[in-house]
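Coordinate inspection notes
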Amino acid sequence: MPGSRLGRVTWMLEEIGEPYEIVPCKPHDETIKALNPSGKMPALIDGDFVLVDSGAIVGYLADKYAPTILSAPSGTRERAMIDSFVQFAQSELESGPWHKAQNRFVLPEHLRRDVDDLVAYEFGTACHALEARLGDRSYAVDERFTIADLMLGHCAAWARMARLEISSPALNAYFDSILDRPALARARAREAEAKAAAG
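Not measured: the values here are computed from a predicted model.

Structural notes on the packing of helix α4 (residues 77–93) against helix α7 (residues 147–161)
Packing of α4 against α7 leaves a shortest axis separation of 8 Å and a crossing angle of 15°. Looking at the two axes, α4 sits roughly parallel to α7. Between α4 and α7 lies a crossing of left-handed hand. For the pair α4 and α7, contact is made by I82, F85, V86, F88, A89, Q90 and L93 and by I147, A148, M151, L152 and C155, respectively.

What follows is the structure, given as structure tokens:
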């Protein structure tokens, strides 16, 4: 489903240069429920191995295909920091945009609420924390692009689509540089092609 957390996976696959196929489906349809009982996407099928949850998929792909390029060896401090930023992205930075999306189009209409003030506060707090954690570095960890930056960048793209304010010029500059990667542009083009082919 283009525009979803699938974007993290296609971006990662473009970064590592591995061939892949996008199989279009909708949340909770039989195709995805056969792979993930929650009915949520994306799911990765790698031979006879199925993995769900976008953060886990991105980490698996990094470990399998680019452990010293986009991640770091397990048990190292660098890997611990990468994992810390990935978890921050999923638990803190993504929370606001996801909460807004849920109340705009995901939840059944009778459960939706006006959460704009809460979301703005939540997201602003996460951005403030991220800016402090980044300091003056160009990347989250070790002055090189890793899956930490990919996950943070994807959350920022969601936030910008949701028109959530990122007030810090430094944080905006960081996100601009991350979101300007050629692999992301290629991933978005592949998703658009898959969407068009699916009708």
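Thoughts on the pattern of salt bridges
Applying the stated rule across the entire model yields 11 salt bridges. For E15, the salt bridge identified is with R181, shortest N-O distance 2.7 Å. Here R181 lies in the loop between α8 (169–179) and α9 (182–198) and E15 lies in helix α1 (residues 6–16), a separation of 166 residues in the sequence. A residue is classified by how much of its surface remains accessible, and R181, at 23% relative accessible area, is partly exposed. Between D142 and R144 there is a salt bridge whose closest N-O contact spans 3.6 Å.

Some thoughts on the environment of C127
In this structure, C127 sits in helix α6 (residues 116–134). By relative accessible area, C127 is classed as buried at 7%. Ignoring anything within four residues of it in the chain, the contact list for C127 reads L93, I166 and L171.

Reading the values: rules and limits
- Residues numbered from 1 in each chain as written.
- Predicted model: local features only at pLDDT ≥ 70, side-chain atom pairs only at ≥ 80, totals over all residues.
- Heavy atoms only, no water.
- Axes fitted to C-alpha atoms, helices over the stretch in contact; angles between N-to-C directions.
- Helix = DSSP H or I, 4+ residues; strand = E, 2+ residues; numbered from the N terminus.
- Parallel < 35°, antiparallel > 145°, perpendicular 65-115°, else oblique.
- Left-handed = near helix turned anticlockwise from the far one by under 90°.
- Contact = heavy atoms within 4.5 Å.
- Salt bridge = Lys/Arg side-chain N within 4 Å of Asp/Glu carboxyl O.
- Buried < 20%, exposed > 50% of the residue type's maximum accessible area, 1.4 Å probe, protein only.

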